[in-house]
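# Secondary and tertiary structure notes
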Amino acid sequence: MSTGSLSGSALLGSARPPAQLYDVALLDLDGVVYLGSTAVPGAAAHLAAAVGAGMRLGFVTNNAARSPQQVAEQLTRLGVPADASLVITSAQTAARVLAERLPPGARVLVVGTEALAGEVRQRGLLPVGPPAESTAEPVAAVVQGYSPDTGWRDLAAACRAVRGGAWWVASNADPTVPSVDGPLPGNGAFVDVVRATTGLEPSVTGKPEPSMHAECLDRMKARRPLVVGDRLDTDIEGASRVGCHSMIVLTGVTRPVDLLGAPPPHRPTYLGADLGALLYAHPEVRRLPAGWNCLQWSVAEPRHTGDGLALAGSGDPLDALRALCAGAWETGLTAVGAADAPAEQALRRLGIPIG
Ligand SMILES: [Mg+2]
């Protein structure tokens, strides 16, 4: 496993495409390969080209709604041939964590899909649905995973059980799931309902906890893996915790402005607009005497206290963002000004407010 520059003060450059440099990509799915039932444009072709360049693909999703088999079928349907053995879901991890502590046959209230219940059953535990009555037989644990069918009765049953002393396990805490219409409520939003109602905290088993990435690395015998995701607080932090290089793609929930304010564990190694970034060289970001530079773009350090970073130059806005990340990560400043018209245009295209 590579342990080069992690959580650094700038993105890394690479003269060779990541698909040639890393033997395995650990890919997040929602917001990276697909958005709901729709493929991210170009994802299948980009991944096919990455495989052609020698990269193997593993899939690591915090979404507990579907079984590895269902995920593999969806990937294959979208043009990314995948085997269920290369898919790890947070439902599997949650069920494993439950079984490590609970006796066989223990009752577990499942607030989530049939796929999550199936994982619980496979581990020798007894999944049960929300009881109609508050006097129903007690459960040893509550497991909560994303399902578009979760309703008030499910959440109320979870609250009763958790307040009654059941162990509360959440498959993941992502507040949102990406969709073609923008972010929509994710498991974390439903977890918040139970937290707000009970005042208690769940054990969270999915990313950024390192066990899913670690299991995928182990299954794939990866020597030099690259984690690819669309979320800083799960995918990228998860990569930092297992000591892997990572790449953020902008096809899901992370916006360029979020990158500027990322704390060290949330800072990726590489940045890409989409999975096509596996296939090209990444430009260096250089430290200059009074700022930073990436290709034709430069970012100047503030001259006076209270000033922001100043962007100038021309070219691909993504390279401007690379230079800005270095400035923001080193100084802690996220206010950005435009020193010329192309910079102003680039900041608008990146959706970064001009300070
Ligand atoms: Mg995602």
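Note that the coordinates shown come from a computational prediction; the quantities given were computed from them, not determined experimentally.

## Considerations on the overall build of the protein chain
- Within the protein chain one finds 12 helices and 20 strands.
- The 355 residues of the protein chain split such that 54% are buried.
- Residue pairs at least 24 apart in sequence account for 69% of intrachain contacts in the protein chain once pairs closer than 6 positions are excluded.
- Here the protein chain displays about 14,700 Å² of accessible surface, and carbon together with sulfur accounts for 53% of that area.
- Computed over 28 positive and 33 negative side-chain charges, the separation of the two mean positions in the protein chain equals 3 Å.

## Here's the deal with the packing of aromatic side chains
- Summed over all chains, the structure comprises 1 aromatic pair.
- Plain terms: the ring middles of tyrosine 22 and tyrosine 270 are 6.0 Å apart, the flat faces sit at 80° to each other, and that makes the pair edge-to-face. Note that tyrosine 22 is positioned in the loop between helix H1 (18–21) and strand S1 (24–27) and tyrosine 270 in strand S15 (residues 270–272), a separation of 248 residues in sequence. We note that tyrosine 22, like tyrosine 270, is buried.
- We note arginine 101 situated over the ring of tryptophan 167; from NZ or CZ to the ring centre the distance is 3.8 Å.

## What about the sheet that holds strand S20 (residues 336–338)?
- Read from one edge of the open sheet, 5 strands run S16-S17-S18-S19-S20, paired in mixed fashion. Each end of this open sheet is capped by a strand with a single partner; those strands are strand S16 (286–288) and S20. Here the strands of the sheet are splayed against their neighbours by 25° on average, with no regard to which way each runs.
- Examined bridge by bridge, strand S19 (residues 309–312) and S20 share 3 bridges and lie parallel to one another. Of the residues in S20, the one forming a bridge with leucine 311 is alanine 338.
- In the packing of helix H11 (residues 317–331) onto the sheet, contacts are made with S16, strand S17 (291–294), strand S18 (297–300), S19 and S20, and the angle to S17 comes to roughly 155°.
- Contacts between helix H12 (residues 341–350) and the sheet are confined to S18, S19 and S20, with S20 contributing the most and set at about 135° to the helix.

## Observations concerning the environment of glutamate 209
- Secondary-structure assignment places glutamate 209 in the loop between strand S12 (203–204) and helix H8 (211–220).
- The class of glutamate 209 is partly exposed, set by a relative accessible area of 31%.
- Taking the C-alpha atoms as reference, glutamate 209 lies 8.5 Å from glutamate 237; in sequence the two are 28 residues apart.
- For glutamate 209, the residues in contact, after removing those within four places along its chain, are Val204 and Arg241.

## Overview of the domain arrangement of the protein chain
- Split into domains, the protein chain comes out as domain 1 (18–62 + 208–278), domain 2 (91–204) and domain 3 (286–350).
- Computed over C-alpha atoms only, the centres of domain 1 and domain 3 are separated by 25 Å.
- Counting from both sides, the interface comprises 11 residues of domain 1 and, opposite them, 10 residues of domain 3.
- Counting the surface domain 1 buries against domain 3, the share from its top three residues, Leu260, Arg267 and Leu271, is 62%.
- At the surface where domain 1 touches domain 3, the tally comes to 0 salt bridges.
- Taken together, the connections running from domain 1 to domain 3 amount to 2 residue pairs in polar contact (both at pLDDT 80 or more).
- Every element with two or more residues in the side of domain 1 that touches domain 3 is listed here: helix H10 (256–260) and S15.
- If you tally residues by element for the side of domain 1 that touches domain 3, the top one is H10, at 3 residues.
- Residues of the side of domain 1 that touches domain 3, tallied by class, amount to 8 nonpolar, 2 polar and 1 charged.

## Here's the deal with the side chain of histidine 266
- As for its placement among the helices and strands, histidine 266 is situated in the loop between H10 and S15.
- Exposure remark for histidine 266: the relative accessible area of 17% places this residue in the buried category.
- Within the structure, histidine 266 has its side chain in polar contact with the side chain of glutamate 237 (distance 3.0 Å).
- Filtering out sequence-adjacent residues up to four positions away, histidine 266 remains in contact with Leu232, Asp233, Ile236 and Glu237.

## Looking at the coordination of the magnesium ion
- Here the magnesium ion is held by Asp28 (OD), Asp30 (O) and Asp230 (OD), and the distances to it run 2.0 to 2.2 Å.
- Each donor residue of the magnesium ion belongs to the same chain, and together they define the spacing D-x1-D-x199-D. Linking aspartate 28 in the loop between S1 and strand S2 (34–35) with aspartate 230 in the loop between strand S13 (225–229) and helix H9 (232–242), this pair joins segments that are 202 residues apart in sequence.
- Aspartate 28 gets classed as buried once you look at its relative accessible area, which sits at 6%.
- On the basis of relative accessibility, which here comes to 2%, the residue aspartate 230 falls in the buried class.

## Examining the side chain of asparagine 187
- Relative to the elements of secondary structure, asparagine 187 occurs in helix H7 (residues 187–198).
- Here the side chain of asparagine 187 touches glutamine 144 through a polar contact of 3.1 Å, landing on its backbone oxygen.
- Apart from residues no more than four positions distant in its own chain, asparagine 187 is found in contact with Gln144, Gly145, Tyr146, Ala170, Ser171, Asn172 and Asp174.

About the criteria used
Residues numbered from 1 in each chain as written. Predicted model: local features only at pLDDT ≥ 70, side-chain atom pairs only at ≥ 80, totals over all residues. Heavy atoms only, no water. Helix = DSSP H or I, 4+ residues; strand = E, 2+ residues; numbered from the N terminus. Buried < 20%, exposed > 50% of the residue type's maximum accessible area, 1.4 Å probe, protein only. Contact = heavy atoms within 4.5 Å. Areas by Shrake-Rupley, 256 points an atom, 1.4 Å probe, with all protein chains shown as cover. Lys, Arg positive; Asp, Glu negative; His and termini not counted. Charge placed at Lys NZ, Arg CZ, Asp CG, Glu CD. Phe/Tyr/Trp six-rings, centres within 6.5 Å; stacked < 30°, edge-to-face > 60°. Lys NZ or Arg CZ within 6 Å of the ring centre and 35° of its normal. Pairing = 2+ DSSP bridges. Axes fitted to C-alpha atoms, helices over the stretch in contact; angles between N-to-C directions. Domains from an automatic or database assignment. Buried area = accessible area lost by both parts, 1.4 Å probe. Salt bridge = Lys/Arg side-chain N within 4 Å of Asp/Glu carboxyl O. Polar contact = N/O pair within 3.5 Å; in protein donor to acceptor, adjacent residues only side chain to side chain. Nonpolar A, V, L, I, M, F, W, Y, C, P; charged D, E, K, R; others polar. Donors = N, O, S within 2.8 Å, 3.2 Å for Na, K, Ca; no water.

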